[in-house]
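# Observations on the three-dimensional arrangement
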Amino acid sequence: MLTEEDRYKILKEVQKNPDISQRELARRLGISLGKANFCLKALIEKGLIKTENFKNNTNKVKYLYLLTPQGIQDRLLLTQRFLKRKRKEYDELEKEIEQLREEVKL
């Protein structure tokens, strides 16, 4: 299954490095090569990423992964939701830390 967080991370990595290999993508995200392949295929099917073969490359299985305009828009929306979720987690942790500090004072 392609989670929202996986989608966010993959779109982010592909945007930073369009010539990333699936193996390198998997390594950077800490996922299996099979999952990286599955996720990329799902994003291609959704129209968020398109692939192109490198021109003048003898290794014809090497691709460029490019975000489509829809992929760029999706990444922006995901970034906003990711940031909102992380801020909420941060605020909750901050409250919990403050409560623990109060307990230590007692």
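For the structure itself, look to the data block above.
Residues numbered from 1 in each chain as written. Predicted model: local features only at pLDDT ≥ 70, side-chain atom pairs only at ≥ 80, totals over all residues. Heavy atoms only, no water.

## Digging into the environment of Cys39
- Considering the arrangement of structural elements, one finds Cys39 in helix α3 (residues 33-45).
- Accessibility expressed as a relative area gives 0% for Cys39, which makes it buried.
- Counting along the chain gives 14 residues from Cys39 to Leu25, while the straight-line C-alpha distance between them is 11 Å.
- The residues contacting Cys39, other than those within four sequence positions of it, are Leu2 and Ile10. (Helix = DSSP H or I, 4+ residues; strand = E, 2+ residues; numbered from the N terminus. Buried < 20%, exposed > 50% of the residue type's maximum accessible area, 1.4 Å probe, protein only. Contact = heavy atoms within 4.5 Å.)

## Overview of the nonpolar core
- Judged by nonpolar contacts, the single largest core of 20 residues is most densely connected at Ile10, Leu11, Val14, Leu25, Leu40, Leu43 and Ile49.
- Mapped by element, the contributors of at least two residues to this core are α1 (4-16), α2 (22-29), α3, β2 (63-67) and α4 (69-105).
- Among the elements that take part in this core, α3 stands out by supplying five residues, more than any other.
- Those residues in contact with Leu25 that lie beyond four places of it in its chain are Ile10, Glu13, Ile20, Ala36 and Leu40. (Core = buried A, V, L, I, M, F, W, Y, C linked by side-chain atoms within 4.5 Å.)

## Examining the packing of aromatic side chains
- Following the criterion strictly, the structure yields one aromatic pair and no others.
- Ring centres 4.5 Å apart and planes at 20° place the aromatic pair Tyr8 and Phe82 in the stacked group. In this pair, Tyr8 sits in helix α1 while Phe82 sits in helix α4, placing the two residues 74 residues apart along the sequence. The same class applies to Tyr8 as to Phe82, namely buried. (Phe/Tyr/Trp six-rings, centres within 6.5 Å; stacked < 30°, edge-to-face > 60°.)

## Quick notes on the packing of α1 against α4
- Viewed as axis vectors pointing N to C, α1 and α4 meet at an angle of 125°, and their least axial separation amounts to 9 Å. Comparing the axis directions of α1 and α4 gives the class oblique. The interaxial crossing formed by α1 with α4 has left-handed handedness. Between α1 and α4, the residues in contact are Glu4, Glu5, Arg7, Tyr8, Leu11, Lys12 and Gln15 and Gly71, Ile72, Asp74, Arg75, Leu78, Thr79, Arg81, Phe82 and Arg85, respectively.
- Class assignment of the residues belonging to the contact of α1 with α4 gives a composition of five nonpolar, three polar and eight charged. (Axes fitted to C-alpha atoms, helices over the stretch in contact; angles between N-to-C directions. Parallel < 35°, antiparallel > 145°, perpendicular 65-115°, else oblique. Left-handed = near helix turned anticlockwise from the far one by under 90°. Nonpolar A, V, L, I, M, F, W, Y, C, P; charged D, E, K, R; others polar.)

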